[in-house]
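Notes for the structure review
Listed below, chain by chain, are the residues.
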Amino acid sequence: PEPEPEPNPECNSGKYAKALHLSLLFYEAQRSGKLPANQRVKWRKDSALNDEIVGGYYDAGDYVKFGFPMAAATTMAGWGGVDYKNGFVKACEWGNYKSMIKWATDYFIAAHTGPNEFVGQIGKGDIDHAYWGRPEDMRMARPTYKITAQRPGSELAAETAAALAAASIIFKEDDPTYAAKCLKHAKELYNFADKYRGVYSNSIPDAAIYYKSWSGYNDELAWGAVWLYRATQDEMYLQKAEQLSNSLGSPEELSWDNKGSGVQILLAAVTGKQVYKDRANQFCTRVLTQKPKTQDGLVFIQQWGSLRHASNVAFACLFANQKGLLANDVSAQAKRQN
């Protein structure tokens, strides 16, 4: 049975608090590496201790550590903590949330093995998918795949920079030393992504089978820049994000692959400029009111991870609505996704 939260009259115990609690337990169940003494999912044990970089999260129902979607999930989760800390605190989950973020960022920092080098994947998809045992018992080969200046991966490096930049904001108050460490690696990884431009899934062909970069790397370069601006207030990053924002088209999703809509929403929030508000409004209106829906109102974007797509859009558009960025109030449609 899943661990239940300890009854605490000071904690919010509503349905969203319960969902938050279970979501964070899911991440604990996905942990790779040497598990801590306070691990709450007790049926999980240490695994993959011989990986070149130990730790991080397994992907979905398999045991490959795909760096690109891991970083994207961390950035989206980071967005929640940066802007809605009070919700985690009221649910008595702030400590568990920070542990969830740090499990990822510790791995990213360790995987950043040189200024222009990053371990982007550990494990090979077909070998991994042929194994149906527990991660604690696996003995198959787990190759390491890296991006370098010679084999660049701008999406992967910039997305990881975004995740680390968000983490630096989250830890700035409670652990400024760790926050500074995250920010240092975020800046270096962003510079790597921008200076040596290339599609990451060309440099890591195995990733292309499962997490190919369909949208290119401009959205991640803009996304990483806007997160670094939020973390540093350095105008250089804002200028970079604004410049790149004009090349992102009209995205139909907010996903591990395409962050274009997130860029427009965050730029609208940090600059207040009407051009970004208009783009944010167009995205939220189009996706939440014009996309196909199930009979109960769930937005259907694509078959792979349909709930993930709906929840990402709901989160981003509720954020935009609460910030007063949208001409059309789509809060009712967004809330229906939950």
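To be clear, the structure that these remarks concern was listed above.
Residues numbered from 1 in each chain as written. Predicted model: local features only at pLDDT ≥ 70, side-chain atom pairs only at ≥ 80, totals over all residues. Heavy atoms only, no water.

**Details of the sheet that holds strand β2 (residues 117-122)**
Taken in spatial order, the three strands of this open sheet run β1-β2-β3, and their pairing is antiparallel. Of all strands in the sheet, those bounded by a partner on one side alone are β1 (65-66) and β3 (144-148). In the sheet, β1 pairs with β2 via two bridges, with the strands oriented antiparallel. Opposite F66, over in β2, you have Q121 as the bridge partner. Contacts from helix α4 (residues 94-111) reach β1 and β2, with the element oriented near 125° to β2. (Pairing = 2+ DSSP bridges. Helix = DSSP H or I, 4+ residues; strand = E, 2+ residues; numbered from the N terminus. Contact = heavy atoms within 4.5 Å. Axes fitted to C-alpha atoms, helices over the stretch in contact; angles between N-to-C directions.)

**Points about the packing of helix α2 (residues 67-83) against helix α10 (residues 218-232)**
One way to put it is that α2 packs onto α10 with a least axis distance of 13 Å and a crossing angle of 35°. The two elements α2 and α10 meet at a crossing, and its hand is left-handed. Of the residues in α10, those touching α2 at F68, T75, M76, W79, V82 and D83 are E220, W223, W227 and R230. Broken down by class, the residue content of the contact of α2 with α10 amounts to six nonpolar, one polar and three charged. (Left-handed = near helix turned anticlockwise from the far one by under 90°. Nonpolar A, V, L, I, M, F, W, Y, C, P; charged D, E, K, R; others polar.)

**Details of helix α13 (residues 274-290)**
Spanning 17 residues, α13 covers 23 Å between terminal C-alpha atoms, matching the ideal 24 Å at 1.5 Å per step. Listing the buried residues of α13 in full gives Y276, A280, N281, F283, C284, T285, R286, V287 and L288. Looking at the buried positions of α13, the neighbouring elements they touch are α11 (235-245), α12 (260-271), α14 (306-322) and α15 (331-336). (Expected span 1.5 Å × (residues − 1). Buried < 20%, exposed > 50% of the residue type's maximum accessible area, 1.4 Å probe, protein only.)

**Considerations on the pattern of salt bridges**
Evaluation of the coordinates by the stated rule reveals 22 salt bridges. In this structure, D106 engages K102 in a salt bridge whose closest nitrogen and oxygen atoms are separated by 3.0 Å. Taken together, the positions of D106 and K102, both in helix α4 and four residues apart, correspond to about one turn of that helix. The exposure class assigned to D106 is partly exposed, which follows from its relative accessible area of 33%. On the accessibility criterion, K102 (28% relative accessible area) is partly exposed. A salt bridge links K124 to D206, with the shortest nitrogen-to-oxygen separation between them at 4.0 Å. Of this pair, K124 sits in the loop between β2 and α5 (125-129) while D206 sits in helix α9 (residues 205-211), and the two are 82 residues apart along the sequence. (Salt bridge = Lys/Arg side-chain N within 4 Å of Asp/Glu carboxyl O.)

**Examining the nonpolar core**
Ranked by size, the top nonpolar core spans 94 residues in total, and within it W79, F108, Y190 and W227 carry the most contacts. Broken down by element, the residue count for this core peaks at 12 residues, all from helix α6 (residues 154-171). Not counting the four nearest positions on each side in its chain, F108 is found in contact with M70, A71, T74, F118, T160, A163 and L164. A48, Y63, M138 and M140 belong to the second-largest nonpolar core, a separate cluster that totals five residues. (Core = buried A, V, L, I, M, F, W, Y, C linked by side-chain atoms within 4.5 Å.)

**A closer look at the environment of P69**
One can find P69 in helix α2. Relative accessible area serves as the criterion here: at 11%, P69 is assigned to the buried category. In this structure the C-alpha to C-alpha distance between P69 and Y211, which are 142 residues apart in sequence, comes to 7.6 Å. In contact with P69, other than residues within four places in its own chain, are D59, Y211 and W256.

**Focus: the packing of aromatic side chains**
This model, assessed by the stated rule, comprises 22 aromatic pairs. Note on W79 and W227: the rings are 6.4 Å apart at their centroids and 75° apart in plane angle, and the pair reads as edge-to-face. Pair noted here: W79 is in helix α2 and W227 is in helix α10, with a separation of 148 residues, a long-range link. One aromatic cluster in this structure is built from F66, F68, Y200, Y210, Y211 and W256. The lysine or arginine in question, R31, covers the ring of W103, its NZ or CZ lying 4.5 Å from the ring centre. A cation sits over an aromatic face here: K212 above W214, 4.3 Å from the ring centre. (Phe/Tyr/Trp six-rings, centres within 6.5 Å; stacked < 30°, edge-to-face > 60°. Lys NZ or Arg CZ within 6 Å of the ring centre and 35° of its normal.)

**Let's talk about the packing of α2 against α14**
In the contact formed by α2 and α14, the axes pass within 12 Å of each other and the chain directions differ by 30°. One finds that α2 runs roughly parallel with respect to α14. Between α2 and α14 lies a crossing whose hand is left-handed. Contacts between α2 and α14 involve M76, W79, G80 and D83 from the former and N312, F315, A316 and F319 from the latter. (Parallel < 35°, antiparallel > 145°, perpendicular 65-115°, else oblique.)

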